[in-house]
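Chain by chain, the residues:
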Amino acid sequence: MASLVRCHRLFPLTFTFSNHNNRTPFLQFSSSLNLSNSNCSTRSKPGLSLLRAIEFGVGVVTDAEKKREEEKGRQLRVGLVCGGPSAERGISLNSARSVLDHIQGEDLIVSCYYIDSDLNAYAISSAQLYCNTPADFDFKLESLAQGFKSLDEFVEHLAMSVDIVFPVIHGKFGEDGGIQELLEKANVPFVGTSSECCRRAFDKYNASLELKTLGFATVPNFLVEGREVDKAAVIEWFESVALNTENGRVVVKPTRAGSSIGVEVAYGVDDAIQKALNIISEGIDERVLIELFLEGGKEFTSIVLDVGSAADSRPVVLLPTEVELHFFHENDKQENTIFNYRKKYLPTQQVAYHTPPRFPTDVIECIREDAALLFQRLNLQDFARIDGWFLPNPVPGMDSNHTFGTTDSGTILFTDINLISGMEQTSFLFQQASKVGFSHSRILRTVIQHACLRFPSLAPRFDEWNALSRELQLKGPGNKKSDTQKVFVLFGGVTSERQVSLMSGTNVWLNLQGFDDLDVVPCLLVLTDGYGSIDPSIDEIDRDWAVWTLPYSLVLRHTAEEVYAACIEAIEPDQAVKTSRMREKVMAELGENLNKHTWFEGFDIVDELPVMYSLEEWAELAIKSKAIVFNAVHGGMGEDGTLQLILDLADIPYTGPGPVASKICIDKVDTSRELKNAIGSGVYTIPKDVWSTKTILETPLGTVWDVLVTNFRGESVCVKPASDGCSTGVARLCSIEDLEVYLDALRNSLPQLPANSLSRAHGVIEMPIPPPKSLIFEPFIETDEIVISSKSPSNGSRSLSWSGENEWVEITVGVVGKHGEMHSLNPSITVKESGDILSLEEKFQGGTGINLTPPPTKIISEKALKNCKKRIETIAATLGLEGFSRIDAFVSVETGEVLVIEVNTVPGMTPSTVLIHQALAEQPPIYPQQFFRKLLDLALVRTKYRNPIFNR
């Protein structure tokens, strides 16, 4: 959706929310994150009257509820705590959502809690974790959460209400010993390392000193403290490590911030000092390290899992991951030579992962042995992630006086210790765990079970929980039924949306795995010869397509290119043998100790290789196995009717609309033409001007700009690829200079437009690679900016302001149902924090932006909203939609009339997609797992309706 939010004169429209200390759980604001019951939030929690008040809107627990609570006393109660004051708060929310998805069950109750940036604590519903961004989350806290008066009250509550706490707070307060100390003082069991050991390991400078003392190789560094820097001392350090003081390359990073936040490369003394001072002045940290840049080094990360007893630490390092950076242009080597925050958490072709690393075997074994030893020497507990570098060749300035880290092939250095590793769906924890036989659920539960061993007070409850878990394991859902329904989740393709497609497909695959009557197989759609020969001049239908069926571990990647490369690497004979041997060795080490524990349920991921089929062979496989195809291929043949026609002709059921509707909706001009018949019913379309990319690149800029501003009668236009969505290549152009910058990016096949490259402020714009065949230009529709204020110092509330001058706001809304019976979900208004176009981060990765779902009645009246939803359903009927789709539009706040922007027949299905919020706003709410299952059921209904002889 090309989200366009504009700034005009503002007249206050205010919604007031409760102060976090106000004990009233529900106020007037209507939100997508409804707190009604669900499979994961309705289970009775012994002693949790406060949480029951939050979940049900009441403060009284009935006798019947008490009885049910007593009957469920064998369940383990886990308190999941996320958030925190660091810039990693968004990653923490994503991690917590992932943990929640994979540990909750009939034997384990999860209660969710949040710590905000001011260290205020809240009890939250599980539904709130599906907020798309930190800003969205914080805004809804005040109406949907229950605040505690102090951290002490919060910890007292935990002591009474949960058996063990799972902290998922990254960075400050989560990994520096802050929350651990609070829990220790209240004798609350928790997962992870003690407060004292966290403090020692979290500070990168202090940790480097301790590592050096312990005999590990370390990176030479210089500590900057405060705003006054002794330049002479920095010069002296540069010379001591043989660096040129004018342009010697170093890494500048905070000592107490994780996830590569604030990490930069600097050149020379002056640049290093300036960047260190910038980190301090921005409030990221008061202490900054200047480190030697490891020329020729290869970065890796390793997950360490303790599998010993409470008194006997037995850490085992899983198969490490090599982090490989890719450079597409020379300036990339200057500016992007580090594994920074963006590369770590957003889909980008600038980084690839290799598990195990492409290092010599002796190096990998040394990494595993030394990381395990380091884990023990620092007294870490349960699990951790340890990052480091392999240096094949000596680096000038490196100290060679160390006991550990020396191999025949080079030197190993450990640089960062992560006490609470990221736990997003495709994180290193899950990548490495799946390589050695652990599913997401099994590795997380193993960590929790091991943590329980350290707390004698937990022994009775722990034994009861294990007994219940074994009972449930024997009768399902851990055991698949014999008559399982095969489901192929298809993602990938070659459009610029392929990375979001991978995120969508991964999310759907992981959610559907929870059903014991489904056998879900992830599948990558790609050209037969991969991504190296994409030619935009060749129609997709004329290309040779392949589909790879993927083993569990190969899905957990950030880009489609990386998944494909991992497939090729996995089937290479020598690599396959090497990986298999390493896997067997690690599993043997794990099993030797884990099998001593009565609670260990064994490994649940088998060692498989990916298999490549031609598209025709894959369709035949789907027919033979009576599979349903869950289509998550965004754009191109996945959304233009081509794939739908192939599946229809083979009588293979699939999700989403059929070929005719798909073909109409992928072409935004055809969509407008088809909707002309609905204009009389309050439905309108935006005028469009379509240019072939080749023509526009060959036409003088002045001519193009004059045509656009004349046709649209304005000086501001919106440009977007004709067959792409998800904000790829979508930009606001306000001048001929903006047009020139945009077209130059296409001409040079740039993967991104850097932030603020155009005249209006904007974030990084991901560009379509390869460039699209044609571009669509539209008038830039002006709406009034909706502003969310900061918290008021007086009462801790926020206000929402909107002038209402233009009387139109932008919405996105999902439609779900059978052909001719499509139901409109509650629309969402997205409130941006800056710029005009929603970025990939804002739409899919928890960046910025607030979703109002459904829209507040003071913006859109109930009558207008009702009319809007009826018109959305009219649009769906007119276009022949079925299954599910997403419609982006402007809506009149007075009449509910709808101005259509575009229709997506394969909308994004990532964990942060707005469709999840809208499904949760239904009555009763539909949680992600049930939502995706509903779409599968609709696929079967359609197939049986169209082909009565199709009987499954």
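The text that follows walks through the structure, step by step, so that each part is easy to find.

So, how was this worked out
Residues numbered from 1 in each chain as written. Predicted model: local features only at pLDDT ≥ 70, side-chain atom pairs only at ≥ 80, totals over all residues. Heavy atoms only, no water. Helix = DSSP H or I, 4+ residues; strand = E, 2+ residues; numbered from the N terminus. Buried < 20%, exposed > 50% of the residue type's maximum accessible area, 1.4 Å probe, protein only. Contact = heavy atoms within 4.5 Å. Areas by Shrake-Rupley, 256 points an atom, 1.4 Å probe, with all protein chains shown as cover. Core = buried A, V, L, I, M, F, W, Y, C linked by side-chain atoms within 4.5 Å. Pairing = 2+ DSSP bridges. Axes fitted to C-alpha atoms, helices over the stretch in contact; angles between N-to-C directions. Expected span 1.5 Å × (residues − 1). Salt bridge = Lys/Arg side-chain N within 4 Å of Asp/Glu carboxyl O. Phe/Tyr/Trp six-rings, centres within 6.5 Å; stacked < 30°, edge-to-face > 60°. Lys NZ or Arg CZ within 6 Å of the ring centre and 35° of its normal. Parallel < 35°, antiparallel > 145°, perpendicular 65-115°, else oblique. Nonpolar A, V, L, I, M, F, W, Y, C, P; charged D, E, K, R; others polar. Arc of directions from axis to C-beta.

### Concerning the overall build of the chain
Phase 1 of the analysis: Within the chain, the secondary structure is distributed over 31 helices and 36 strands.
Phase 2 of the analysis: Considering the chain as a whole, with its 952 residues, one finds that 64% of them fall into the buried category.
Phase 3 of the analysis: The long-range fraction of contacts in the chain, counting pairs at least 24 apart against all pairs at least 6 apart in sequence, stands at 74%.
Phase 4 of the analysis: Looking at the chain as shown, the accessible area adds up to about 34700 Å², and 50% of this sits on carbon and sulfur atoms.

### Comments concerning the nonpolar core
Phase 1 of the analysis: Counting residues in hydrophobic clusters, the biggest one holds 154 residues, and the most contacted among them are Phe166, Met423, Leu512, Leu524, Leu590 and Phe630.
Phase 2 of the analysis: The leading source of residues in this core is helix 13 (residues 361-377), at 9 residues.
Phase 3 of the analysis: Not counting the four nearest positions on each side in its chain, Phe166 is found in contact with Val78, Gly79, Leu80, Val81, Val99, Val191, Phe383, Met423, Leu444 and Ile448.
Phase 4 of the analysis: Counting 38 residues, the second-largest nonpolar core is a separate cluster that includes Cys665, Met822, Ile875 and Val893.

### Topic: the environment of Gln449
Phase 1 of the analysis: Mapped onto the fold, Gln449 is located in helix 15 (residues 440-452).
Phase 2 of the analysis: With relative accessibility at 4%, the residue Gln449 sits in the buried group.
Phase 3 of the analysis: Sequence spacing of Gln449 and His597 is 148 residues, and the spatial spacing of their C-alpha atoms is 9.6 Å.
Phase 4 of the analysis: Ignoring sequence-local partners within four residues, the contact set of Gln449 consists of Phe462, Trp465, Asn466 and Trp599.

### A word on the sheet that holds strand 31 (residues 808-817)
Phase 1 of the analysis: What the 5 strands build is an open sheet, ordered 22-36-35-31-32; its pairing is mixed. This sheet does not close on itself; its edge strands, each paired only once, are strand 22 (683-685) and strand 32 (823-824).
Phase 2 of the analysis: Note that strand 22 and strand 36 (residues 898-904) share 3 bridges and pair parallel. Across the sheet, the residue bridging to Thr685 is Val900, located in strand 36.
Phase 3 of the analysis: Across the sheet, helix 29 (residues 862-879) touches strand 22, strand 31, strand 32, strand 35 (883-892) and strand 36, and the angle it forms with strand 36 is around 45°.

### Some details on the side chain of Ser434
Phase 1 of the analysis: Take Ser434: it is sitting in helix 14 (residues 428-435).
Phase 2 of the analysis: Residue classification places Ser434 among the buried positions, given a relative accessible area of 1%.

### Focus on helix 13
Phase 1 of the analysis: Between the first and last C-alpha of helix 13 there are 24 Å, a value that for 17 residues agrees with the 24 Å anticipated at 1.5 Å per step.
Phase 2 of the analysis: Helix 13 sits mainly inside the fold: 12 of its 17 residues count as buried.
Phase 3 of the analysis: What helix 13 keeps buried is the set Val363, Ile364, Glu365, Cys366, Ile367, Arg368, Asp370, Ala371, Ala372, Leu373, Leu374 and Phe375.

### Comments concerning the pattern of salt bridges
Phase 1 of the analysis: Across all of its chains, the model carries 42 salt bridges by this definition.
Phase 2 of the analysis: As a salt-bridge pair, Glu324 and Arg358 come within 3.5 Å of each other at their nearest N and O atoms. Placement of Glu324 in strand 12 (residues 321-325) and of Arg358 in the loop between strand 13 (351-354) and helix 13 is noted, with a sequence separation of 34 residues between them.
Phase 3 of the analysis: Among the salt bridges present, the one from Arg747 reaches Asp744, with a minimum N-O distance of 2.6 Å. With a gap of 3 residues between them, Arg747 and Asp744 both fall in helix 27 (residues 736-747), about one helical turn apart.
Phase 4 of the analysis: Classification of Arg747 as partly exposed rests on a relative accessible area of 43%.
Phase 5 of the analysis: Residue Asp744 is classed as partly exposed on the basis of its relative accessible area of 30%.
Phase 6 of the analysis: Salt bridges here are not isolated pairs; linked through shared partners, they connect Asp203, Glu225, Arg256, Asp285 and Arg287.

### Re the sheet that holds strand 28 (residues 774-779)
Phase 1 of the analysis: Taken in spatial order, the 4 strands make up an open sheet running 23-28-24-25, and their pairing is antiparallel. Looking at which strands have only one partner, the edges of the open sheet turn out to be strand 23 (689-692) and strand 25 (731-733). Going across the sheet, the axis of each strand differs from the next one's by a mean of 30°, ignoring polarity.
Phase 2 of the analysis: Pairing of strand 24 (residues 717-721) with strand 28 involves 5 bridges; the strand directions are antiparallel. Within strand 28, the position partnered with Val719 by the bridge is Phe777.
Phase 3 of the analysis: Seen against the sheet, helix 26 (residues 701-712) touches strand 23, strand 24, strand 25 and strand 28 and runs at an angle of roughly 160° to strand 23.

### Quick word on the pairing of strand 3 (residues 121-124)
As a general feature of sheets, a regular strand has side chains that alternate between the two faces.
Phase 1 of the analysis: Here strand 3 shows two buried faces, one formed by Ala121 and Ala123 and the other by Tyr122 and Ile124.
Phase 2 of the analysis: Both strand 2 (residues 108-115) and strand 3 contribute to a ladder of 4 bridges, which runs antiparallel. Paired with Ile115 across the strands is Ala121, a residue of strand 3.
Phase 3 of the analysis: Linkage of strand 2 to strand 3, two consecutive antiparallel strands, is achieved through a turn of 5 residues, within which Leu119 is found at a positive phi near 65°.

### Describing the packing of aromatic side chains
Any aromatic ring pair is given by two values, namely how distant the centres are and how the planes are angled relative to each other.
Phase 1 of the analysis: The full count for this structure, using the stated rule, is 23 aromatic pairs.
Phase 2 of the analysis: Ring centres of Phe216 and Phe414 lie 6.2 Å apart, and the angle between their planes is 65°; on these two criteria the pair is classed as edge-to-face. With Phe216 in the loop between helix 8 (204-214) and strand 6 (221-225) and Phe414 in strand 16 (residues 410-418), this residue pair connects regions lying 198 residues apart in the sequence.
Phase 3 of the analysis: In this structure Phe414 comes out as buried when scored by relative accessible area, which is 5%.
Phase 4 of the analysis: Through successive ring pairs, a cluster of aromatic residues spans Phe216, Phe300, Phe404 and Phe414.
Phase 5 of the analysis: Above the ring of Phe293, the side-chain terminus of Arg249 is found at 4.0 Å from the ring centroid.
Phase 6 of the analysis: Over the ring of Phe780 we find Arg732; its NZ or CZ atom is 3.9 Å from the centre of that ring.

### Notes on the environment of Ala876
Phase 1 of the analysis: Among the structural elements, Ala876 can be located in helix 29.
Phase 2 of the analysis: Residue class for Ala876 comes out buried when judged on its relative accessible area of 0%.
Phase 3 of the analysis: In contact with Ala876, not counting residues within four places along its chain, are Val815, Met822 and Leu881.

### Some remarks on the packing of helix 17 (residues 498-512) against helix 19 (residues 560-571)
Relative orientation and spacing of two packed helices are given, respectively, by the angle between their axes and the distance between those axes.
Phase 1 of the analysis: Between helix 17 and helix 19, whose axes approach to 8 Å, the crossing angle comes to 70°. When the axis of helix 17 is compared with that of helix 19, the two are roughly perpendicular. In this structure, helix 17 contributes Arg498, Gln499 and Leu502 to the contact, and helix 19 contributes Ala560, Glu561 and Val563.
Phase 2 of the analysis: Looking at the contact of helix 17 with helix 19 residue by residue, the class counts come to 3 nonpolar, 1 polar and 2 charged.

### A word on helix 7 (residues 195-202)
Phase 1 of the analysis: Buried within helix 7 are the following residues: Ser195, Cys197, Cys198, Ala201 and Phe202. Along the axis of helix 7, the buried positions cluster into a sector of 160°, meaning they face one direction only.
Phase 2 of the analysis: Where helix 7 is buried, its residues meet helix 6 (178-185), helix 8 and strand 16.

### Observations concerning the pairing of strand 6
Phase 1 of the analysis: For strand 6, a buried count of 4 out of 5 residues is recorded, marking the element as mostly surrounded by other parts of the structure.
Phase 2 of the analysis: In this sheet, strand 9 (residues 287-292) lies alongside strand 6 in antiparallel orientation, the contact comprising 5 bridges. Bridging across to strand 9, Asn221 finds its partner in Glu291.

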